[in-house]
Amino acid sequence: MRYWLLKSEPGVFGIDDLAAAPRKTEHWDGVRNYQARNFMRDDMRKGDRAFFYHSNCAQPGIAGIVEIVRESYPDRTAFDPESEHYDPRSAPDTPRWFMVDVKLVRRLKRVIPLAELKAHDALRDMPLVRRGNRLSVMPVTAMQWDTICSME
DNA sequence: GCCAACGTTGGC
DNA sequence: GCCAACGTTGGC
């Protein structure tokens, strides 16, 4: 099993939204970055776990843990001209963008703030805490995972 | 709201 | 294939 971190803006889709979804499960759509897509499409497996990270908000940080419950399949929002994630270069027979389904495992007891993650020596190699990083789907090592869980 | 950092686009 | 211009991300 691998570990991941998924970023989302809580104003768009936050952990409260996932908690309120049927079976606490939702598709993770809208990824439009190739590196992030490749991680999701090629390396994510059912049963993997991921941190749910809140970005671009008042309290950026890790809010919860989710499980990958469906492996990658075409992101249908790319086919929909009405969607803000529409991409005319992606077609159903030659999909360019993919999504997975995630299920909420649990919220953390508190949102672990980005500032604390940045301050922790064991986490300095995480893309998340590196300057200018914009990757929205990234792998997390077992050691980083355990470190973060211990900060809860 | 600002702006640095980054990825993508498109002319050449 | 280069690289300047542009749009987006996301912390602060």
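Everything in this summary refers to the structure shown in the same document. Model, not experiment: these values are computed from the prediction. (Residues numbered from 1 in each chain as written. Chains lettered and ligands numbered in written order. Predicted model: local features only at pLDDT ≥ 70, side-chain atom pairs only at ≥ 80, totals over all residues. Heavy atoms only, no water.)

1. Some details on the overall build of chain A
What chain A contains, in helices and strands, is 5 helices and 6 strands. Ordered by position from N to C terminus, the α and β elements of chain A give β-α-α-β-α-β-β-β-α-β-α. Relative to the 2.2 N^0.38 estimate, which gives 15 Å for 152 residues, the radius of gyration of chain A is 15 Å and therefore close to what a compact globule would have. In terms of overall dimensions, chain A has a C-alpha envelope of 45 × 30 × 30 Å along the principal axes. Looking at the 152 residues of chain A, the share that counts as buried comes to 45%. Carbon and sulfur atoms make up 47% of the accessible area of chain A, which totals about 8200 Å². (Helix = DSSP H or I, 4+ residues; strand = E, 2+ residues; numbered from the N terminus. Rg over C-alpha atoms; globule rule 2.2 N^0.38 Å. Buried < 20%, exposed > 50% of the residue type's maximum accessible area, 1.4 Å probe, protein only. Areas by Shrake-Rupley, 256 points an atom, 1.4 Å probe, with all protein chains shown as cover.)

2. So, the protein's contact with DNA strand B
Around DNA strand B lies a shell formed by Asn33, Tyr34, Arg89, Arg131, Gly132 and Arg134. Protein-adjacent atoms of DNA strand B, using a 4 Å cutoff, are sugar or phosphate at a proportion of 71%. At 2.4 Å from a phosphate oxygen of DNA strand B is found a side-chain nitrogen or oxygen belonging to Arg89. (Near = heavy atom within 4 Å. Polar contact = N/O pair within 3.5 Å; in protein donor to acceptor, adjacent residues only side chain to side chain.)

3. Description of the layout of surface pockets
Rolled over the atoms, a probe with the dimensions of a water molecule shows which regions are left empty. Estimated volume of the largest pocket: approximately 800 Å³. Of all elements in the fold, only β1 (3-8), α1 (10-13) and β2 (25-27) reach the threshold of two or more residues within the lining of the largest pocket. In terms of residue class, the lining of the largest pocket is made up of 6 nonpolar, 9 polar and 8 charged. (1 Å grid on protein atoms, 1.4 Å probe; cavity = no way out; pocket = protein on both sides within 12 Å on 5 of 7 lines; lining within 4 Å. Points joined across faces, edges and corners; volume = space filled by probe spheres on them. Nonpolar A, V, L, I, M, F, W, Y, C, P; charged D, E, K, R; others polar.)

4. Quick notes on the sheet that holds strand β3 (residues 49-54)
An order of β2-β5-β4-β3-β1-β6 is seen for the 6 strands of this open sheet, with the pairing classed as mixed. Taken across any chain shown, the strands that pair with only one partner, and hence form the sheet edges, are β2 and β6 (137-140). The sheet shows a mean angle of 35 degrees between the axes of neighbouring strands, direction not considered. Pairing analysis gives 6 bridges linking β1 to β3, with the strands arranged parallel. (Pairing = 2+ DSSP bridges. Axes fitted to C-alpha atoms, helices over the stretch in contact; angles between N-to-C directions.)

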